[in-house]
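Chain residues, written in single-letter form:
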Amino acid sequence: MKALIICVSVSNGSTRRVADRMAEVLSAELVEPEGVDVDQITQYDLVGFGSGVYFMSAHPRLWRLVCRLPHVEGIPAFTFFTSGAAELPLVGYSRPIRWGIARRGFRVLDSYSCRGLDTVGPLGWVGGVNKGHPNDDDLDAAAAFAIRVRNQIRPPEAAS
Ligand SMILES: Cc1cc2nc3c(=O)[nH]c(=O)nc-3n(C[C@H](O)[C@H](O)[C@H](O)COP(=O)(O)O)c2cc1C
């Protein structure tokens, strides 16, 4: 199985740490949005889209990539985020970008999120909140999530 993980992590590297762990368990290629060869996207069996949450949204660099992607025929995809606060059901940050990915023809599977060190604005004066996150438990949960997603598209006995 050929997997690609695309990640934007501009603040404290929290989302990148999650992406690194997922890439490790999936043996995935890990790139930033600008590193994606959009003409080659159909070569992948699974694509992960990840971002820190900035002003209630995925980073504009991820959005720009999604807009550049060609239409695909049901390539399985998943999303992941780190954020200062948990997502609220009615004003979710994940919904718009997941919708954008689905509009490109991807079959959008589950989403993973955990807290990341948040040093935005005055929070930085006190060293930020969610210190130590993502922690080992968050990263283990990210790895378990990635394996679950892989097994959704490929039964465990076929996985290598
Ligand atoms: C400019 C900026 C805006 C942010 N806006 C939000 C927000 O709207 N909601 C939230 O929960 N966290 C917000 N955060 C916190 C980040 O989502 C959090 O720190 C995340 O882990 C950053 O990921 P990164 O270190 O990979 O960039 C913001 C952080 C920054 C720097």
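Every value quoted in this text rests on a predicted model; they were computed, and no experiment measured them.

Undergrad: I'd like a description of the side chain of Thr-79, backed by residues and values.
TA: Topologically, Thr-79 is positioned in strand 5 (residues 76-83). At 2.7 Å, the side chain of Thr-79 forms a polar contact with the side chain of Ser-111. Excluding its chain neighbours within four sequence positions, the residues that come into contact with Thr-79 are Phe-49, Arg-98, Ile-101, Asp-110, Ser-111, Tyr-112 and Phe-145.

Undergrad: Lay out the packing of helix 1 (residues 14-26) against helix 4 (residues 136-153) with the relevant residues and their values.
TA: Running from amino to carboxyl end, helix 1 crosses helix 4 at an angle of 45 degrees, the nearest separation of the two axes being 9 Å. Put simply, helix 1 runs oblique to helix 4. For the pair helix 1 and helix 4, the crossing hand works out as right-handed. On helix 4, the residues that touch Arg-17, Val-18, Arg-21, Met-22, Val-25 and Leu-26 of helix 1 are Leu-139, Asp-140, Ala-142, Ala-143, Phe-145, Ala-146, Ile-147 and Arg-150. Residue classes in the contact of helix 1 with helix 4 are distributed as ten nonpolar, no polar and four charged.

Undergrad: Can you break down the site of the ligand residue by residue, with the values?
TA: Taken together, 20 residues are adjacent to the ligand, and Ser-9, Asn-12, Thr-15, Val-53 and Tyr-54 come closest. One of the side-chain nitrogen or oxygen atoms of Ser-9 is found 2.5 Å away from an oxygen atom of the ligand. Starting from 640 Å² of accessible surface for the ligand in isolation, the protein chains cover 87%. Mapped by element, the contributors of at least two residues to the shell around the ligand are helix 1, strand 3 (46-54) and strand 5. By residue number, the principal contributor to the shell around the ligand is strand 3, which donates three residues. For the shell around the ligand, a count of residues per class yields eight nonpolar, eleven polar and one charged.

Undergrad: Tell me about helix 4, and name the residues and values.
TA: Taking 1.5 Å of rise per residue, the 18 residues of helix 4 would be expected to cover 26 Å, and the 26 Å separating its terminal C-alpha atoms lies within 8% of that figure. Against helix 1, strand 3, strand 5 and strand 6 (107-115) lie the buried residues of helix 4. At the N-terminal boundary of helix 4, the capping side chain belongs to Asn-135, with an oxygen 3.1 Å from the backbone nitrogen of Asp-137.

Undergrad: Report on the nonpolar core, specifying residues and quantitative values.
TA: Counting 24 residues, the largest nonpolar core has Ile-6, Ile-41, Val-47, Phe-49 and Phe-106 as the members making the most contacts within it. Counting only elements with at least two residues in this core, the list comes to strand 1 (3-8), strand 3, helix 2 (60-68), strand 5 and helix 3 (94-103). Setting aside residues up to four positions removed in sequence, Phe-49 forms contacts with Ile-6, Leu-62, Leu-65, Val-66, Leu-69, Ala-77, Phe-78, Thr-79, Phe-80, Ile-101 and Phe-106. One finds Val-18, Leu-46, Phe-80 and Leu-109 within the second-largest nonpolar core, a separate group that totals 20 residues.

Undergrad: Got a sec to walk through the packing of helix 2 against helix 3? Specific residues and values, please.
TA: In contact at an axis separation of 9 Å, helix 2 and helix 3 are set at 20 degrees when each is read in the N-to-C sense. Of the possible angle classes, the one that applies to helix 2 and helix 3 is roughly parallel. Note that helix 2 runs across helix 3; the crossing there is left-handed. Where helix 2 abuts helix 3, its residues Leu-62, Trp-63 and Val-66 lie against Pro-96, Ile-97, Gly-100 and Ile-101. Here the residues of the contact of helix 2 with helix 3 are counted per class, giving six nonpolar, one polar and no charged.

Criteria and thresholds
- Residues numbered from 1 in each chain as written.
- Predicted model: local features only at pLDDT ≥ 70, side-chain atom pairs only at ≥ 80, totals over all residues.
- Heavy atoms only, no water.
- Helix = DSSP H or I, 4+ residues; strand = E, 2+ residues; numbered from the N terminus.
- Polar contact = N/O pair within 3.5 Å; in protein donor to acceptor, adjacent residues only side chain to side chain.
- Contact = heavy atoms within 4.5 Å.
- Axes fitted to C-alpha atoms, helices over the stretch in contact; angles between N-to-C directions.
- Parallel < 35°, antiparallel > 145°, perpendicular 65-115°, else oblique.
- Left-handed = near helix turned anticlockwise from the far one by under 90°.
- Nonpolar A, V, L, I, M, F, W, Y, C, P; charged D, E, K, R; others polar.
- Near = heavy atom within 4 Å.
- Areas by Shrake-Rupley, 256 points an atom, 1.4 Å probe, with all protein chains shown as cover.
- Expected span 1.5 Å × (residues − 1).
- Core = buried A, V, L, I, M, F, W, Y, C linked by side-chain atoms within 4.5 Å.
- Buried < 20%, exposed > 50% of the residue type's maximum accessible area, 1.4 Å probe, protein only.

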